[in-house]
Amino acid sequence: MLRAAILAAGAVVSDLWRLQAGLYAAVAVIVVTELFRAAVRRLDRSLEPRFAPDDRGIRVLYVIRGSLAERLGIRPAELITYVNQAPVHTEYDFHFALGQNPAYARFQVTDERGEPRLVSSPVFEGECHDLGLILSCPGTSRRFA
């Protein structure tokens, strides 16, 4: 009888210990997750945005696969500063410069290191509206504001 009571008390204590350990583990996981999220938020605030609009030109957000822009070697985060030898600062400037010579597209692209390069290609009928570029919204960068 005493043995059965000790075993029953041990089982109850064991169940309570497991419940307590589970609660401690859950609280520890939540605390570690929130500390990690706070560290990532602090790091994110300290970095300069990669795809922010820029006053020198228009920023490329995405290049569609198989498009003219991909064949030219234009990559995301690059800055298009000139189209057909005309400076561009907005999407309107970009399309206006393309419309001046719709048979040929010549871009001056500045990469992430600030090095400019020229890329060019003939534009066939129908490709003018299918360059494969998704551009950032025009605006004023924080650097020059």
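Report follows, based on the coordinates.

Analysis parameters
- Residues numbered from 1 in each chain as written.
- Predicted model: local features only at pLDDT ≥ 70, side-chain atom pairs only at ≥ 80, totals over all residues.
- Heavy atoms only, no water.
- Patch = residues over 30% accessible without salt bridge, like charges linked within 9 Å, V, L, I, M, F, W, Y side chains within 5 Å.
- Areas by Shrake-Rupley, 256 points an atom, 1.4 Å probe, with all protein chains shown as cover.
- Salt bridge = Lys/Arg side-chain N within 4 Å of Asp/Glu carboxyl O.
- Helix = DSSP H or I, 4+ residues; strand = E, 2+ residues; numbered from the N terminus.
- Buried < 20%, exposed > 50% of the residue type's maximum accessible area, 1.4 Å probe, protein only.
- Phe/Tyr/Trp six-rings, centres within 6.5 Å; stacked < 30°, edge-to-face > 60°.
- Polar contact = N/O pair within 3.5 Å; in protein donor to acceptor, adjacent residues only side chain to side chain.
- Contact = heavy atoms within 4.5 Å.

**Remarks on a nonpolar patch on the surface**
Point 1. Residues Leu61, Tyr62, Ile64 and Ile134 make up a contiguous nonpolar surface patch of about 330 Å² in total accessible area.
Point 2. One can find Tyr62 in strand E1 (residues 58-63).
Point 3. Look at Tyr62 and you get partly exposed, because its relative accessible area is 42%.

**Re the packing of aromatic side chains**
The description of two aromatic rings rests on the distance between their centres and on the angle between their planes.
Point 1. Scanning all chains against the criterion turns up two aromatic pairs.
Point 2. With 6.2 Å between their ring centres and 20 degrees between their planes, Tyr92 and Phe96 make a pair best called stacked. Within this pair, Tyr92 and its partner Phe96 are both found in helix H3 (residues 91-100), separated by four residues, close to a single helical turn.
Point 3. With centroids separated by 5.9 Å and ring planes inclined at 10 degrees, the aromatic side chains of Phe94 and Phe107 adopt a geometry described as stacked. With Phe94 in helix H3 and Phe107 in strand E4 (residues 104-110), this residue pair connects regions lying 13 residues apart in the sequence. By the burial criterion, Phe94 is buried, and Phe107 matches it.

**Re unusual backbone geometry**
Point 1. Phi at Asn84 takes a positive value of approximately 50 degrees, unusual for a residue other than glycine.
Point 2. Residue position: Asn84 is located in the loop between strand E2 (79-83) and strand E3 (86-87).
Point 3. Positive phi values are uncommon outside glycine, yet Gln85 reaches one of about 65 degrees.
Point 4. Judged by its relative accessible area of 65%, Gln85 is exposed.

**Describing the side chain of Asn84**
Point 1. Since its relative accessible area comes to 18%, Asn84 is described here as buried.
Point 2. Reaching out from Asn84, the side chain makes a polar contact with the backbone oxygen of Tyr104 at a distance of 3.3 Å.
Point 3. Discounting chain neighbours no more than four positions away, the residues touching Asn84 are Ala97, Leu98, Asn101, Tyr104, Ala105 and Arg106.

Just geometry here; none of it tells us what the structure is for.
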